[in-house]
Amino acid sequence: MFAVAEPQPAIALHPDIAPLAPLLGTWRGNGQGEYPTIQPFGYVEEIRFGHLGRPFLTYRQKTRATDDGRPLHAETGYLRCPRPDRVELILAHPTGITEICEGSLAVEDGTLRMELDSTALGRSGTAKLVTALGRSLHLSGDTIDYTLRMAAVGEPLQHHLAATLLRN
């Protein structure tokens, strides 16, 4: 027999991540990808930011191709805010890559901006060689715009992804 879970009280947001509160929730939208070693592509994306009452947000991301709906990519990890003007993004990719990015956080007049650069990348023995990543995220109201830069497989750091996501 299955137990029925009782509703749980809302967990208070940890004060250290208060600047990140506008990110909480589910975001969906469309993006475009390109890189010198692949054909340009479109994708649909979903990102979920949550919290557990601890000094970090949880992060889950997944994408699908716009042409046929096939799964493309996923990431999972944590977003930390060690100071009101700094953020750290810690991610695992199913392609065998781990990523730590650190950077600036600015919140003013209802907008949030993050500029992140990789400080550590790990990879399994079968993962493609990725040597640098950078992410820019801008949240205004119920819209997130982001870009991702990548250096991989012998190519220098350059634009790879851009998307606009709306709060759901």
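Preceding this paragraph is the structure being described.
Residues numbered from 1 in each chain as written. Predicted model: local features only at pLDDT ≥ 70, side-chain atom pairs only at ≥ 80, totals over all residues. Heavy atoms only, no water.

A. Spatial organisation of the overall build of the protein. Within the protein, the regular secondary structure consists of zero helices and ten strands. Taking 15 Å as the expected radius of gyration for a compact globule of 168 residues, we find that the protein reaches 17 Å, a close match to that expectation. Principal axes of the C-alpha set define a box for the protein whose edges measure 50 × 45 × 35 Å. Sequence separation of 24 or more characterises 40% of the internal contacts of the protein that already satisfy a separation of 6 or more. Accessible surface computed for the protein: about 9700 Å², of which carbon and sulfur atoms make up 56%. (Helix = DSSP H or I, 4+ residues; strand = E, 2+ residues; numbered from the N terminus. Rg over C-alpha atoms; globule rule 2.2 N^0.38 Å. Contact = heavy atoms within 4.5 Å. Areas by Shrake-Rupley, 256 points an atom, 1.4 Å probe, with all protein chains shown as cover.)

B. Focus on the sheet that holds strand β10 (residues 158–167). Here we have ten strands rolled up into a closed barrel, ordered β1-β2-β3-β4-β5-β6-β7-β8-β9-β10, and antiparallel in their pairing. Direction aside, neighbouring strands of the sheet carry axes that sit 25 degrees apart on average. Where strand β5 (residues 86–92) meets strand β6 (residues 97–108), seven bridges bridge the pair, whose relative direction is antiparallel. What sits directly across from Leu 91, in β6, is Glu 99. (Pairing = 2+ DSSP bridges. Axes fitted to C-alpha atoms, helices over the stretch in contact; angles between N-to-C directions.)

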